[in-house]
Amino acid sequence: MTSLCFARLFSSTAPVQSWDRTVCSGRLLQNLCRCNTPQWPQTMQPSHRSSAGLCAPEVRVHKNTVYRASSKSPLRVPCPVRYCEQIPTVRWFRINDRDQAIPVSETDQVTVTQDHPTADEKEIISYLSFKSLSVQDDGIYRCEAVVSNSTSPSHNINVSVS
């Protein structure tokens, strides 16, 4: 079934197919739509259109993601991002006890890297890497993708160090 997908903040439309028993039309979309336009990657949320009409990146971190690791072991936490045209900047944050996002600073123990897995796919993966985990690294992290004035945050990522 083909219907129209409306950007949440705009009146512009793009053709889509319904997905997961959801009719992808209207201003309030709860589920993802499979879009048939080259500007939107498949499974892009249509509400991710910026005010300039550009497609915003889609951060593909699942809800309730948990990484468990032992102290002094390495850990690599991925943040996969699909984009439309412009490659986004990916930033990492640690969430403190007051639910504030504190930017992650790179050190000799913590680094941020980025891969572009395939030339055909418009996807990048940013990695938050811990060389040797400590109990102080235990906590909640988030990544976010930024293109122009559009920011797409991830779900929380729980890093559990024992």
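Residues numbered from 1 in each chain as written. Predicted model: local features only at pLDDT ≥ 70, side-chain atom pairs only at ≥ 80, totals over all residues. Heavy atoms only, no water.

Q: Describe the pairing of strand E10 (residues 123–130), listing the residues and the values that go with them.
A: Within E10, eight of the eight residues are buried, leaving the element largely enclosed by the surrounding structure. Across the two faces of E10 the burial is the same, with Glu123, Ile125, Tyr127 and Ser129 and Ile124, Ser126, Leu128 and Phe130 all buried. Pairing analysis gives eight bridges linking strand E6 (residues 75–82) to E10, with the strands arranged antiparallel. Note that in E10 the partner of Pro78 across the bridge is Tyr127. Inspection of the sheet shows strand E9 (residues 110–115) paired to E10 by six bridges, in the antiparallel sense. Pairing of Val112 across the sheet is with Leu128, part of E10. (Buried < 20%, exposed > 50% of the residue type's maximum accessible area, 1.4 Å probe, protein only. Helix = DSSP H or I, 4+ residues; strand = E, 2+ residues; numbered from the N terminus. Pairing = 2+ DSSP bridges.)

Q: Which residues make up the side chain of Ser152, and what values do they have?
A: Structurally, Ser152 is set in strand E12 (residues 150–153). In terms of polar contacts, Ser152 uses its side chain to reach the backbone carbonyl oxygen of Pro57, at 2.7 Å. (Polar contact = N/O pair within 3.5 Å; in protein donor to acceptor, adjacent residues only side chain to side chain.)

Q: Any chance you could break down the confidence of the model for the protein chain for me, citing the residues and the numbers?
A: Mean pLDDT over the protein chain stands at 75; residues scoring 70 or higher make up 67%. Of all the helices and strands in the protein chain, strand E1 (residues 2–6) carries the lowest mean pLDDT, 28, while strand E13 (residues 157–161) carries the highest, 98. Considering only residues more than four positions removed or in separate chains, one finds that residues 1–47, a stretch of pLDDT under 50, has 104 contacts. (pLDDT = per-residue confidence, 0-100. Contact = heavy atoms within 4.5 Å.)

Q: Which residues make up the state of the cysteines, and what values go with them?
A: This model, assessed by the stated rule, comprises one disulfide. Between the sulfur of Cys79 and that of Cys143 lies a disulfide, 2.0 Å long from S to S. With the S-S bond torsion at 80 degrees, the cross-link from Cys79 to Cys143 turns out right-handed. One end of the pair, Cys79, is in strand E6; the other, Cys143, is in strand E11 (residues 139–147), and 64 residues separate them in sequence. Side by side, Cys79 and Cys143 carry an identical accessibility label, which is buried. (Disulfide = S-S within 2.5 Å.)

Q: Account for the packing of aromatic side chains, naming residues and giving values.
A: Counted under the stated rule, the structure contains one aromatic pair. Note on Phe130 and Tyr141: the rings are 5.8 Å apart at their centroids and 70 degrees apart in plane angle, and the pair reads as edge-to-face. Here Phe130 is found in strand E10, whereas its partner Tyr141 is found in strand E11, with 11 residues between them in sequence. What makes Phe130 buried here is its relative accessible area of 4%. Residue placement shows Arg76 over the ring face of Tyr127; its charged tip is 3.6 Å from the ring centre. (Phe/Tyr/Trp six-rings, centres within 6.5 Å; stacked < 30°, edge-to-face > 60°. Lys NZ or Arg CZ within 6 Å of the ring centre and 35° of its normal.)

Q: Please provide a residue-by-residue account of the side chain of Thr65, values included.
A: Along the chain, Thr65 falls in strand E5 (residues 65–69). Among the residues examined, Thr65 registers a relative accessible area of 15% and is labelled buried. Discounting chain neighbours no more than four positions away, the residues touching Thr65 are Asn156, Ile157 and Asn158.

Q: Please set out unusual backbone geometry residue by residue, giving values where relevant.
A: The phi torsion at Asn64 lies on the positive side, around 60 degrees, for a residue other than glycine. Mapped onto the elements of the fold, Asn64 is located in the loop between strand E4 (58–59) and E5. For Asn64, a relative accessible area of 71% translates into the label exposed. Although it is not a glycine, Ser148 sits at a positive phi angle of roughly 50 degrees.

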